[in-house]
Amino acid sequence: MATIRLGFGRQNFRLFKRSFLLLKLIAVVFAVLLFCEFLIYYLVIFRCNWPELKTPAYDGEQETLKPVLKAMFLADTHLLGEVRGHWLDKLRREWQMERAFQTALWLLQPEVVFILGDIFDEGKWSSSQAWADDVERFQKMFRHPPHVQLKVVVGNHDIGFHYQMSTYRIKRFEKVFNPERLFSWKGINFVMVNSVALEGDGCNICSEAEAELIDISHKLNCSREELHSSQCADGQPLPRSAPVLLQHFPLYRRSDANCTGEDAAPPEERGTLFKERYDVLSREASQKLLWWLRPRLVLSGHTHSACEVLHGAGISEISVPSFSWRNRNNPSFIMGSMTSTEYALDKCYLPFESTILITYCGAAGFLVVLILIHSGFLDSPFIFGCQLLRKFKTV
């Protein structure tokens, strides 16, 4: 009888040890998933702060504070489609962008978010159904409260390069995203350009795009009071403020040779010469934009890497890095505090993909060690320490 009870006791003890091991494994897996898929975004983005303007934003002689607009700028999300998008790649990278975007909205509370093109990866060839599916995923990932405005600039992956671009693809894009080219808020003018259409070959789409820009240039000149009042009678007057130019293709530059920083292009790629109308806008198109619009700041995407360039009379252009792990290990976005006369920019980095992978590998190694200790193939750290202590005492 005593033997039977002893047997049951040992069996219960083994079951208890296995259950305890299972609980340990579940707890470790849950903790790692919680950290890597949720908490790390809050820990990293929490360190970002809105930049402060260097000078007080006063409005003329009345000493009235000018309203400051908090704007986020990100680029090249490249949501994968049905052709090149592996389901695991979609799941991993799109979850990263969704968590990063939603965390940034919650922590930073921007008033407006601009995405500088290449929203989708396969918009240039996707079918109607594939396009609808991609749009639905985008709207879920980049959902936002009503008081936050989301503005989107078209990119070459959304409608194709010039030789792929068509009126159908442009209309399809503009049906989802507001096609406005000129957006004013808190006394700040933003001009959003379809840079794919600035080919300069006189095609119908290109001619229409240039005509729109000339019309915007006229309105901006009226706001600067550089034209006679009789020429500026139509429409609501714009705020008297030099615009912020937003586009997908960067303005012309030879290469990224002068770009620096941890999120610039890799050193071996910086000297590669850019191809006009493919990597950057042509010289002619760039000069037209600067002449027509006379912007105080230019923000662009397309290269997936960071760069700051000065054009003409000290006009700064910021190339915004990609927002997706698919294009770089250290994605980021730009935070801008803006008034009608001043602006200050800062960069907010997202979690590095390598950090997540290292954490998962470390957790997997820990689980293997835990299982080996339980199975008796390894001594537990406590027993191993006691054995070393005994040997030390014996010596």
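Cut-offs and rules
- Residues numbered from 1 in each chain as written.
- Predicted model: local features only at pLDDT ≥ 70, side-chain atom pairs only at ≥ 80, totals over all residues.
- Heavy atoms only, no water.
- Helix = DSSP H or I, 4+ residues; strand = E, 2+ residues; numbered from the N terminus.
- Buried < 20%, exposed > 50% of the residue type's maximum accessible area, 1.4 Å probe, protein only.
- Contact = heavy atoms within 4.5 Å.
- Areas by Shrake-Rupley, 256 points an atom, 1.4 Å probe, with all protein chains shown as cover.
- Disulfide = S-S within 2.5 Å.
- Salt bridge = Lys/Arg side-chain N within 4 Å of Asp/Glu carboxyl O.
- Core = buried A, V, L, I, M, F, W, Y, C linked by side-chain atoms within 4.5 Å.
- Pairing = 2+ DSSP bridges.
- Axes fitted to C-alpha atoms, helices over the stretch in contact; angles between N-to-C directions.

Section: the overall build of the protein
Summing up its helical and strand segments, the protein has 9 helices and 13 strands in all. Expressed as a percentage of the 395 residues in the protein, the buried residues total 48%. Sequence-distant contacts, at least 24 apart, represent 73% of the contacts inside the protein between residues at least 6 apart. Only carbon and sulfur atoms are counted for the fraction: they give 59% of the accessible area of the protein, which is about 21,300 Å².

Quick notes on the state of the cysteines
All told, the structure shown has 3 disulfides when counted by the stated rule. Note that C48 is cross-linked by a disulfide to C348, the S-S spacing being 2.0 Å. Negative torsions about the S-S bond denote left-handed disulfides, and the value of about 85° found for C48 with C348 makes this one right-handed. A residue pair is termed long-range when its members are at least 10 positions apart, and C48 in the loop between α1 (2-45) and β1 (58-59) and C348 in strand β13 (residues 343-349) qualify at 300 residues. Pair check on accessibility: C48 and C348 agree, each one buried. Covalently, C203 is tied to C206 through a disulfide, its sulfur atoms 2.4 Å apart. On the S-S bond that ties C203 to C206, the torsion sits near 80°, and the link is right-handed.

A short note on the pattern of salt bridges
Counting across every chain of the model gives 19 salt bridges. Salt-bridge contacts for E94 lead to R137; the nearest nitrogen and oxygen are separated by 2.4 Å. Taken together, the residues E94 in helix α2 (residues 87-108) and R137 in helix α3 (residues 128-141) connect sequence positions 43 residues apart. The salt bridge involving R326 is made with D121; its shortest N-O contact spans 3.7 Å.

A closer look at the nonpolar core
Ranked by size, the top nonpolar core spans 71 residues in total, and within it L74, F142, V191, L289, L293, F323 and F333 carry the most contacts. In terms of residue count, α1 provides more of this core than any other element does, 9 residues in total. Among all residues touching F333, those that are not within four sequence positions of it are M72, F73, L74, A104, L108, F323, D346, K347, C348 and L350. Of all hydrophobic cores here, the second largest spans 20 residues; its members include F73, F183, L246 and I334.

A closer look at the sheet that holds strand β11 (residues 315-319)
Overall, mixed pairing links the 6 strands, which are arranged β6-β7-β8-β9-β11-β10 in an open sheet. The sheet terminates laterally at β6 (182-185) and β10 (307-311), the two strands that pair on one side only. On average, adjacent strands in this sheet sit at an angle of 20° to one another, irrespective of strand direction. Pairing of β6 with strand β7 (residues 188-192), which is carried by 4 bridges, proceeds in the antiparallel orientation. When the bridges of β7 are listed, W185 appears paired with I188. Contacting β6 and β7, helix α6 (residues 204-223) crosses the sheet at an angle of about 170° to β7.

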